[in-house]
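# Summary of structural features
Listed below are the residues making up each chain.
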Amino acid sequence: MVAPASLLDPGTERDPHPLYRTLRGDFPLVHDEPFGAWLISRYADVRAALADPRFAAPSPGPGPAHGEDHAHGAYGAAVSAALGDRMPAGLRAGVERTAHVLASRLVSRQEADLVAEFCQWLPVAAAVTALGLPYEDTARVHAWCRTGLDHPGGHGPGLDAWLRPHLVRRRAHPGDDLLSALCAARPGGRPLPDEVVTGLAGTVLGAAGGTTARALASFLANLLDHPGRLDLIRARPELAGAAWAESLRRDPPVQIVARRALEPIGPIPEGATVACLLGAAGRDPARFADPDRYDLFRADAGGLAYGAGPHHCLGAPLARLTAEAGLRALLTVLPGLRRAPGPRPRAEGLVSRSPRTLPVCPR
C-alpha cells in the first residue's frame, strides 16, 4: 500500500478532510516523516491516547508555570472550582453584559466582520471578568493575545508586571473570582507560588484569545451557514449548548494535539511525538452517523475538542458560557443577522483552524 500524503503537503492546510479520510480508513497509525510525528486519526484511538498516562503533553515553555500538566492535578482543582458548574452569578452577568455591548455596537452597520469585531473580543473580556481583572484593560490583554499569548507558554510583554499588583491584592483581600481562587489554593498545604498563579492566569487569558475565539468563529459560521438551524435556536434557546458541542465536534479550533511517548507503545518508540488529529476524529464515520453534517440533535457530540482524561481543558465551561452568551446577545440585538453577500471565507490553518473573517449583515 502506498504511504499517504503528509500533513505538510500542499493543499492539506486548505482542506485537510480528504487526507483525514484516507488516514482513518487505511492508515490509522502512521509515521509522517516530514511532519515529524506519528499520526492517530480514528476517534477511539485519539480519545484513548489523550487519556493515556503514557503520553505526556510536550513542555511548551521555559518556566514551570506554563506547562500544560501544571494546569491540572493539584493546581487544576482551584481552576475547576471557579470555572465549573457553580460559576458565580456575577461572572455570568458580566459575560452576558459584555456580549450585549459588543453586539449593540453593530446595530447601525450595513456590514461587519464578526471575527474581528466580536469573536476576538468577547472571549478575552470573559476571561478578564473571570479573573476579576479591570475590564478597562481588556484592550491591552487583547493586544497581548494577538502577539503571542495565545499559544502554550506564550507571554505578552509586561503580562507578569501587570498581573503582580492584582495578585498581591487578591492574596490580602480575596474575592469570588478565579485569581482569588488561585491565590487561596493550598495544594499540599502550601499556597501556589506567584509564578504559577501568573502562569495559570496567562494560560486562561491566552486560551480565551486563541482557542475560544477560534471556536466561537466556527460556531457562528456553522449557524450562519445553516439559517434554518439559527431560526430553530431563536425559537428554542435551550438548543444553544448542543449547537456549541456539535460545532466543536465538526470543526474543532485545535485540529492537532501533540503528545510525547514516555515509553515504547506498540511501534511508537519512547520519546516520539504523537499527533492526535482531533479534526479527523470528530468526523469518524465509525463513531458519528453522517459525520460531515452539522446536526443540532446529535445525541453525543463526542467531547474531544477540549481534551480528555488528565489533560481535559479546565477552561471549557467558561468557553461554553462565552459562546452561549454571545449567541444569545447576537440573536436578541441583531434579529436580522445573516451572511453578507459574496464569497464565503473558508476556514484556514493546519494545527489551529477557523474562519479568519466572517462578513455579516447585522440588519
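Look up a bit, the structure's there.
Just so we're clear, the structure is a prediction, and the values are computed from it rather than from any experiment.

### Describing the overall build of the protein
Each helix and strand counted, the protein has 14 helices and ten strands in total. Here the protein holds 363 residues, and 53% of them are scored as buried. Taking as baseline every contact in the protein between residues at least 6 positions apart, the subset at least 24 positions apart corresponds to 70%. For the protein, the accessible surface area stands at approximately 15,800 Å², while carbon and sulfur atoms represent 55% of it.

### Thoughts on the environment of Arg 169
Along the chain, Arg 169 turns up in helix α8 (residues 159–172). Remark: the alpha-carbon pair of Arg 169 and Ser 180, spanning eleven residues in sequence, is separated by 9.0 Å.

### Observations regarding the sheet that holds strand β4 (residues 112–113)
With respect to topology, three strands assemble into an open sheet ordered β4-β10-β7, the strand pairing being antiparallel. Two strands bound the open sheet, and with one partner strand each, they are β4 and β7 (338–339). As paired strands, β7 and strand β10 (residues 359–361) are joined by two bridges and run antiparallel to one another. Across the sheet, residue Arg 339 finds its bridge partner in β10, namely Val 360.

### A closer look at the pairing of strand β5 (residues 256–261)
With two bridges joining them, strand β3 (residues 55–56) and β5 adopt antiparallel strand pairing. When the sheet's bridge partners are listed, Phe 55 is paired in β5 with Ala 261.

### Here we look at the pairing of strand β6 (residues 273–277)
Burial analysis of β6 places four of its five residues in the buried class, the great majority of the element. Relative to β6, strand β2 (residues 37–40) is paired through three bridges, and the arrangement is parallel. Along β6, the bridge assignment pairs Trp 38 with Val 274. Both β5 and β6 contribute to a ladder of five bridges, which runs antiparallel. Residue pairing across strands places Ala 258 opposite Ala 275, the latter belonging to β6.

### Here's the deal with empty space enclosed by the protein
Scanning the model with the defined rule gives one cavity of 30 Å³ or more in all. Volume-wise, the largest cavity comes out at about 40 Å³. In this structure, the largest cavity is lined by Leu 220, Leu 223, Leu 224, Leu 230, Leu 327, Leu 330, Leu 331 and Leu 337. Breaking the lining of the largest cavity down by element, the ones donating at least two residues are α10 (194–225) and α14 (316–333).

### Things to note about the pattern of salt bridges
One pass over the full model with this rule turns up 17 salt bridges. The salt bridge involving Asp 292 is made with Arg 283; its shortest N-O contact spans 3.2 Å. Residue Asp 292 is classed as partly exposed on the basis of its relative accessible area of 37%.

### Digging into helix α11 (residues 227–235)
Since the α-helix advances by 3.6 residues per turn, residues separated by three or four positions end up pointing in the same direction. Residues Arg 229, Leu 230 and Ile 233 constitute the buried set of α11. For α11, the angular spread of the buried residues around the axis is 105 degrees, confining them to a single face. In this structure, α11 carries Gly 228 and Ala 235 as exposed residues pointing more than 90 degrees from its buried face. Tucked inside the fold, the buried residues of α11 contact α10, α12 (240–250) and α14.

### A few points about the layout of surface pockets
In this structure, the second largest pocket occupies an estimated 440 Å³ of space. Taken together, 19 residues make up the lining of the second largest pocket; nearest its centre are Asp 225, Arg 250, Asp 251, Arg 346 and Ala 347. At four residues, the largest contribution of residues to the lining of the second largest pocket is made by α10.

### Focus on the nonpolar core
Leu 114, Phe 118, Phe 219, Leu 220, Ile 233 and Leu 327 are the most contacted members of the largest nonpolar core, which totals 41 residues. Excluding anything up to four places from it in sequence, Leu 220 contacts Leu 114, Phe 118, Cys 119, Leu 327, Leu 330 and Leu 358. Core analysis: the second largest hydrophobic core is formed by 25 residues, Val 124, Leu 131, Cys 145 and Leu 159 among them.

Procedures and definitions
Residues numbered from 1 in each chain as written. Predicted model: local features only at pLDDT ≥ 70, side-chain atom pairs only at ≥ 80, totals over all residues. Heavy atoms only, no water. Helix = DSSP H or I, 4+ residues; strand = E, 2+ residues; numbered from the N terminus. Buried < 20%, exposed > 50% of the residue type's maximum accessible area, 1.4 Å probe, protein only. Contact = heavy atoms within 4.5 Å. Areas by Shrake-Rupley, 256 points an atom, 1.4 Å probe, with all protein chains shown as cover. Pairing = 2+ DSSP bridges. 1 Å grid on protein atoms, 1.4 Å probe; cavity = no way out; pocket = protein on both sides within 12 Å on 5 of 7 lines; lining within 4 Å. Points joined across faces, edges and corners; volume = space filled by probe spheres on them. Salt bridge = Lys/Arg side-chain N within 4 Å of Asp/Glu carboxyl O. Arc of directions from axis to C-beta. Core = buried A, V, L, I, M, F, W, Y, C linked by side-chain atoms within 4.5 Å.

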